[in-house]
Amino acid sequence: MNTATNNWTTINSNHPYNLESFMPTDIDETEDNYYLLRRIATYQNIQRASNTLKIVIRTIRNNNTICCDQTLIISPTNTIDQPSLIIGSDATPESNGYLKYQWQSQSIDNNTGNISNWTNITGATSKDYLPVPLVLVSVYDSRTRGNIWTTLTSYNYRRITVPQYYNGKSSYSNVIKLSAESYLYSIPSVIAYPNPATSIINFENSKGDVFFKIETNTVSITNINGSVVNLNNYSILSPTKISVDVSSLPAGTYFANFDTGDRRSIKVTFIKSN
């Protein structure tokens, strides 16, 4: 029985005493799914139902997501932003110690684009993870015809979630990227908080200088399917900060899109939670 239908359905018409496996046909990948399972025994037209088991099917979207991509700005004084905490959603419905987390990373060579294999991060077994700061080095830049400070490596991160029961199957979160960009070449950097958000989410220019121009048709929010769920419906808090009411949105991953007015665009990923 899927809890969305509340109707008991016969799984196997051969009526074996045990059930090796079954494949649900009504799985919705945009939300959590769970099924209640029982066995009916019949003897001389007398039926008895067994106790009920709960089978959970976890999807990547709502119960094992992490947020969000980070672009660290290298300032003219040769310093770089510190990484922010990567926030991971609670991998529901299991909780109270039934889950084990393991964070993994990939290194990306900024010169060649080569990406390493995924490796476990030692000791990174909490729900959230704070990345190690990126290292600045001085290299020759043909655009400026001189040395600039940059990073040689970027990183991808993901989180593995394993339920702590017999034969528990691990699931992988979405992948986010930690990279750096020179202040001279960067576009406005927008941060979202609180993230995940339950009712109100703020978008702010993390540089604190010239913000994207707020005008008609410049701010839109889309869901993972690309559908616009909010168009220019926001409140201006300051020249560099706006807020959006997301309380009516279903839980999931969304993208806030900003038009800077100079043929560039900014996309910020955020998670709406219940």
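Since we're looking at a predicted model, the values are computed, not measured.

Q: So what's going on with the pattern of salt bridges? Which residues, and what values?
A: Going through the model one piece at a time under the given rule, you end up with one salt bridge. The closest approach of N and O atoms between Lys127 and Asp128, which form a salt bridge, is 3.0 Å. Classification of Lys127 as partly exposed rests on a relative accessible area of 27%. Judged by relative accessible area, which is 23%, Asp128 ranks as partly exposed.

Q: Got a sec to walk through the sheet that holds strand β16 (residues 200–205)? Specific residues and values, please.
A: Read from one edge of the open sheet, four strands run β15-β16-β20-β19, paired in antiparallel fashion. Two strands close off the open sheet at either side, each with one partner strand: β15 (190–193) and β19 (235–238). Going across the sheet, the axis of each strand differs from the next one's by a mean of 25 degrees, ignoring polarity. The sheet contact formed by β15 and β16 spans four bridges and is antiparallel.

Q: Account for the state of the cysteines, with residues named and values stated.
A: Evaluated as defined, the whole model comprises one disulfide. Linked covalently through their sulfurs, Cys67 and Cys68 form a disulfide whose S-S length is 1.5 Å. In terms of burial, Cys67 and Cys68 fall into one category: buried.

Q: Summarise the nonpolar core; cite the residues concerned and give the values.
A: Side chains of nonpolar character tend, in soluble globular proteins, to be buried together. The biggest cluster of nonpolar side chains holds 18 residues, and the ones touching the most others in it are Ile201, Phe203, Phe258, Val268 and Phe270. Every element with two or more residues in this core is listed here: β15, β16, β17 (219–223), β20 (241–245), β21 (252–259) and β22 (265–272). Beyond its immediate chain neighbours, meaning those up to four positions away, Phe203 contacts Val190, Ile191, Ala192, Thr240, Lys241, Ile242, Val244, Ala256, Phe258, Val268 and Phe270. Ranked by size, the runner-up nonpolar core spans 14 residues in total, among them Ile66, Ala124, Leu136 and Ile176.

Q: Tell me about the confidence of the model for the protein, and please be specific about residues and values.
A: Looking at the protein as a whole, its pLDDT mean stands at 79, while 72% of the residues score no less than 70. Within the protein, no element has a lower average pLDDT than helix α1 (residues 60–63), which sits at 50, and none a higher one than strand β9 (residues 119–120), at 96.

Q: An account of the packing of aromatic side chains is requested, with residue identities and associated values reported.
A: Taken as a whole, this structure holds six aromatic pairs when the rule is applied. Ring plane angle 70 degrees and centroid distance 5.4 Å describe the contact between Phe203 and Phe258, whose orientation is recorded as edge-to-face. One end of the pair, Phe203, is in strand β16; the other, Phe258, is in strand β21, and 55 residues separate them in sequence. Each member of the pair Phe203 and Phe258 is classed as buried. Ring centres of Phe203 and Phe270 lie 5.9 Å apart, and the angle between their planes is 70 degrees; on these two criteria the pair is classed as edge-to-face.

Q: So, the pairing of strand β6 (residues 70–74): which residues are in play, and what are the values?
A: Across the five residues that make up β6, a large majority, four, are buried. Two strands pair when backbone bridges link them, and β6 and strand β14 (residues 176–182) are joined in this way by five bridges, in the parallel orientation. Each residue of the ladder has a partner; that of Thr71, found in β14, is Ser179.

Q: A description of unusual backbone geometry should follow, citing residues and the corresponding values.
A: Here the bond from Cys67 into Cys68 is cis, since omega is 0 degrees, no more than 30 degrees from zero. The peptide bond linking Tyr193 to Pro194 adopts the cis configuration, its omega dihedral lying at -10 degrees. Tracing the backbone through its elements, the reader meets Pro194 in the loop between β15 and β16. The backbone of Asn45 shows a phi angle near 65 degrees, a positive value even though the residue is not glycine. Accessibility expressed as a relative area gives 77% for Asn45, which makes it exposed. Residues other than glycine seldom take positive phi values, yet Asn78 does so here, at roughly 65 degrees. One can find Asn78 in the loop between β6 and β7 (87–88). Residue Asn78 is classed as partly exposed on the basis of its relative accessible area of 40%.

Scoring rules and cut-offs
- Residues numbered from 1 in each chain as written.
- Predicted model: local features only at pLDDT ≥ 70, side-chain atom pairs only at ≥ 80, totals over all residues.
- Heavy atoms only, no water.
- Salt bridge = Lys/Arg side-chain N within 4 Å of Asp/Glu carboxyl O.
- Buried < 20%, exposed > 50% of the residue type's maximum accessible area, 1.4 Å probe, protein only.
- Pairing = 2+ DSSP bridges.
- Helix = DSSP H or I, 4+ residues; strand = E, 2+ residues; numbered from the N terminus.
- Axes fitted to C-alpha atoms, helices over the stretch in contact; angles between N-to-C directions.
- Disulfide = S-S within 2.5 Å.
- Core = buried A, V, L, I, M, F, W, Y, C linked by side-chain atoms within 4.5 Å.
- Contact = heavy atoms within 4.5 Å.
- pLDDT = per-residue confidence, 0-100.
- Phe/Tyr/Trp six-rings, centres within 6.5 Å; stacked < 30°, edge-to-face > 60°.

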